[in-house]
Amino acid sequence: VICYDLIQDFIKKQVTNFIMKLLVTGGLGFIGSNFILKILSEYKDFSIINVDAEFFGSNKKNLERVESSPNYQYVKGNITNHNLMENLISQCDAVVNFAAESFVDRSISDPNPFLISNIRGTFTLLEIIKATKKRFIQVSTDEVYGSLKLQSADEYFRFNPSSPYAATKAAAEHLVNSYVLTYGCDCIITRCTNNYGPRQFAEKLIPKTILLAKQNRKIPVYGDGKNIRDWLFVDDHCNAIIQTILEGKTGESYNISDGNELDNLTIINKILSTMDKTSDLIEFVEDRPGHDLRYSLDSSKIRKELGWSPKTNFEDGITKTISWYLSNESWLDSISDSITKKTPWK
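The model shown is predicted, which means the values in this text are computed figures rather than measured ones.

**Student:** So what exactly am I meant to see when it comes to the overall build of the protein chain here?
**Tutor:** Counting secondary structure elements, the protein chain contains twelve helices and twelve strands. At 19 Å, the protein chain has a C-alpha radius of gyration in line with the 20 Å of a compact globule built from 346 residues. Counting only C-alpha atoms and orienting by the principal axes, one finds that the protein chain spans roughly 60 × 45 × 40 Å. Here the protein chain holds 346 residues, and 54% of them are scored as buried. Restricting to contacts in the protein chain with at least 6 residues of sequence separation, those with at least 24 account for 83%. With an accessible surface of roughly 14400 Å², the protein chain has 50% of that area assigned to carbon and sulfur atoms.

Shown next as structure tokens:
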């Protein structure tokens, strides 16, 4: 009912030249910036306020081309700042929460920032959502389910997070659900598999492989490289989030996946082959603690109920991704410090 009323109200306001305003948190990051660029280029009846704390993983270059857009406003700030977030949320119709500490290795070495951003930050937003009655989309991860063997996790599968990062994202989900059940908040949770595409921070598998291969440097691989992930092109993920904003049901969660499971070595060798490099660049290193072997999501619910499906196959997506990184020298320069580290990825 809430979802129906939201859509009907949106349609009525469109007739009077209403622009739906979204508050995007963490919009300078990989997925958030791609989401903002997509909204501003394809949805003329939307405007965006982007709030980002400019922590690790944020990059102002991601959104340089929309800085002068009349439908875009940027605010530097932290989602734990109640007064700031209360002011921003009061100006918007819905909130999409991308903001999170999201690097597994860093959560292992220092979990505290993850508890602050991922749990305390989500709590701060929910307290304001409770008072303002706005729609809230919590962007989560397949890692809340932990490592899987043969099955794929649907929305009712048991949580079993392995890293402090995954545990904080699971905790945030429980908070969101509690605010729906206890206070009647209009909240939705999305969980995605591993994203890839333009503007991803260089510590992640695909961009780091591309950048190191370009420089003919060794590519560090945890363990035997057989860890499996389901790879989802970031534009397809953004389409799914838009569907949940407009058509998702209050209190529901939606898994978002491509059904494209590949191990790390297969990904790396595909990139090397596309770039005319040899596998001699691969260097196996000691595995990290608690490294999950396989993530896998069943996304039949969002496909059936909201009509979403991925549009980009992996062959096309990885080709576009490699081309983007190699064609954006100034962007590469902005993250050059991060690729000098001999650190593998999640």
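**Student:** How do you make sense of the nonpolar core when you look at a structure like this?
**Tutor:** Nonpolar side chains tend to gather and get buried jointly when the protein is soluble and globular. Core analysis: the largest hydrophobic core is formed by 36 residues, its most contacted members being Leu22, Phe35, Ile48, Val96, Phe98 and Ile245. If sequence neighbours within four positions are ignored, Val96 has contacts with Leu23, Val24, Thr25, Phe35, Ile137, Val139, Ile241 and Ile245. Core analysis: the next-biggest nonpolar cluster, separate from the first, contains 27 residues, Phe233, Leu281, Ile322 and Trp324 among them.

**Student:** What am I meant to see in the sheet that holds strand β11 (residues 261-263) here?
**Tutor:** Overall, mixed pairing links the three strands, which are arranged β7-β9-β11 in an open sheet. Of all strands in the sheet, those with a lone pairing partner are β7 (194-196) and β11, marking the two edges. Within the sheet, the average angular offset between the axes of one strand and its neighbour, ignoring direction, is 50°. Examined bridge by bridge, β7 and strand β9 (residues 228-233) share three bridges and lie parallel to one another. Bridge pairing in β9 links Tyr196 to Phe233. Helix-sheet contacts for helix α9 (residues 264-274) involve β9 and β11, and the interaxial angle to β11 is about 80°.

**Student:** Looking at this structure, how should I read the state of the cysteines?
**Tutor:** What is meant by a disulfide is a covalent connection between two cysteines, made through their sulfur atoms. Tallied over the full model, the rule gives zero disulfides. Cys92 takes part in no disulfide bond, and the closest cysteine sulfur to it belongs to Cys187, at a distance of 15 Å.

**Student:** Mind showing me how you'd approach the packing of helix α7 (residues 205-214) against helix α11 (residues 314-327) here?
**Tutor:** The packing of two helices is summarised by the inter-axis angle and the distance between the axes. Here α7 crosses α11 at 55°, and the two axes come no closer than 10 Å. As the angle between them shows, α7 and α11 are arranged oblique. In this structure, α7 meets α11 at a crossing whose hand is right-handed. Mapping the contact onto sequence places Ile206, Pro207, Ile210 and Lys214 in α7 and Ile318, Thr321, Ile322, Tyr325 and Leu326 in α11.

**Student:** Quick question: what am I supposed to make of the sheet that holds strand β5 (residues 135-141) here?
**Tutor:** Across the sheet, seven strands lie side by side as β3-β2-β1-β4-β5-β6-β10; this open sheet has parallel pairing. Strands with a single pairing partner mark the edges of an open sheet, and in this sheet they are β3 (72-76) and β10 (253-256). Put simply, the sheet's adjacent strands are angled 20° from each other on average, direction ignored. As defined by bridge partners, strand β4 (residues 94-97) adjoins β5 across four bridges and the pair is classed as parallel. Paired with Val95 across the strands is Phe136, a residue of β5. Packing of helix α5 (residues 112-132) onto the sheet brings it into contact with β1 (20-25), β4, β5 and β6 (187-192), and relative to β5 it is tilted by some 160°.

Cut-offs used in this document
- Residues numbered from 1 in each chain as written.
- Predicted model: local features only at pLDDT ≥ 70, side-chain atom pairs only at ≥ 80, totals over all residues.
- Heavy atoms only, no water.
- Helix = DSSP H or I, 4+ residues; strand = E, 2+ residues; numbered from the N terminus.
- Rg over C-alpha atoms; globule rule 2.2 N^0.38 Å.
- Buried < 20%, exposed > 50% of the residue type's maximum accessible area, 1.4 Å probe, protein only.
- Contact = heavy atoms within 4.5 Å.
- Areas by Shrake-Rupley, 256 points an atom, 1.4 Å probe, with all protein chains shown as cover.
- Core = buried A, V, L, I, M, F, W, Y, C linked by side-chain atoms within 4.5 Å.
- Pairing = 2+ DSSP bridges.
- Axes fitted to C-alpha atoms, helices over the stretch in contact; angles between N-to-C directions.
- Disulfide = S-S within 2.5 Å.
- Parallel < 35°, antiparallel > 145°, perpendicular 65-115°, else oblique.
- Left-handed = near helix turned anticlockwise from the far one by under 90°.

What is shown is where atoms sit, not what they do.
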